[in-house]
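# Reading the structure
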Amino acid sequence: MKLSLLFIISLLFCSRSISQVQYFVEYNFLAKNKFIDLNNPVHAIASNNVSFGIEKNKTLYSLALGREDWFLNFFDNGVVNRPQLNTYYCRTHKLTPMIERQFVIPKSNFSFRLGVGCKFFFLNQMKDSLSYSLDREFFRVTKPSVISALDPNISETIIDGVTFKSKDEYYYITSVPYALTANFAIQYSFKKWAIKLQYEPTLMRVKTRNAANSNLKSSVFFFYNNIGLGVNYPLNFKKKEKTSPPNQ
């Protein structure tokens, strides 16, 4: 969060100290579903954000405020004699500073944008709501109530037809502080508007504690990626020219 505040201060400083700066506002919607990555058990992620930024010499500096909605698969032990995979919904809000470079294709309305940034999460509902095992794929999660029912002295436990390993192989998610992200986009401009198709790979840091030993804490990085659309609109803040009073 401190880095975000530093980025905001730098953004304001640049906008005041550098001439010929163009301002813009942008809305982005990105999503991930099974059709993007069939091997990933994350059912769906929907990301929305609105960003304000400046552009100078084809370099874009922006700060976005947004939200991510997560629909995660998890095992449920509520059905007798039958394993069941349900969907758990949670959301998180985020603040994302980003720096991008724009490459214009000559004699066309198309351009490419490449950028890097960092997502800072807050009001995050993933905290203490999910658990996972290191030997499973990303976010093949269960609810903590299922893990708490496991006997740490038994290597495997079968609950409603689903086999769970020893309790000490599972970890509770305690916080999700930030994520490193990149952005690859192709943009088409017409009149004042611009629309872009973008790909966003993200490496998210997750802090955890062991389900069997709460003193055993660690952190891991999880990878996911989104694709989506964005709409860009320039903002004009022209200073009024001072006119000299007419000669008497």
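### Some words on the overall build of the chain
Regarding its fold elements, the chain presents 2 helices and 13 strands. In the chain, which comprises 248 residues, the share counted as buried stands at 42%. Of the contacts made within the chain by residues no fewer than 6 positions apart, 64% connect residues no fewer than 24 positions apart. Summed over all atoms, the accessible surface of the chain reaches about 14300 Å², with 59% contributed by carbon and sulfur.

### Section: the pattern of salt bridges
Applying the stated criterion across every chain, the model contains 7 salt bridges. Taking the shortest distance from any N to any O, the salt bridge between E26 and R113 comes out at 2.8 Å. Of the two residues, E26 sits in strand β1 (residues 22-33) while R113 sits in strand β5 (residues 110-122), which places them 87 residues apart along the sequence. Exposure remark for R113: the relative accessible area of 1% places this residue in the buried category.

### Regarding the packing of aromatic side chains
Applying the stated criterion across every chain, the model contains 7 aromatic pairs. An aromatic cluster of three or more residues is present, and its members are F110, Y188 and F190.

### Describing the confidence of the model for the chain
Looking at the chain as a whole, its pLDDT mean stands at 77, while 68% of the residues score no less than 70. Counted against residues more than four places away or in other chains, residues 35-40, with its pLDDT under 50, gives 9 contacts. Segment residues 136-140: pLDDT under 50, and 27 contacts once partners within four positions in sequence are set aside and those in other chains are kept.

Here is what the cut-offs are and how they apply
Throughout this description, residue numbers start from 1 for each chain and increase along the sequence as written. In view of the model being predicted, local features appear only for residues whose pLDDT reaches at least 70, and side-chain atom pairs are presented and counted only at 80 or more, with totals across whole chains, interfaces and linings using the full set of residues. Here the side-chain values reflect all heavy atoms present in the structure, with hydrogen atoms and water set aside. Put simply, DSSP H or I for four residues or longer makes a helix, DSSP E for two residues or longer makes a strand, and each gets a number counted from the N terminus. Here the term buried applies to any residue with accessible area under 20% of the maximum for its type, exposed to any over 50%, and partly exposed to those in between, with areas from a 1.4 Å probe on protein chains only. Contacts between residues were defined by any pair of non-hydrogen atoms, one from each residue, lying within 4.5 Å. For every accessible area listed, the method is Shrake-Rupley and the probe measures 1.4 Å; residues are considered covered only by the protein chains on display. Every case where a carboxyl oxygen of Asp or Glu lies within 4 Å of a side-chain nitrogen of Lys or Arg is listed as a salt bridge. Under the pairing criterion, centres of Phe, Tyr and Trp rings, with the six-membered ring standing for Trp, must be within 6.5 Å; the plane angle then separates stacked pairs below 30 degrees from edge-to-face pairs above 60, leaving the rest tilted. What pLDDT conveys is the predictor's confidence in a given residue, as a value from 0 to 100.

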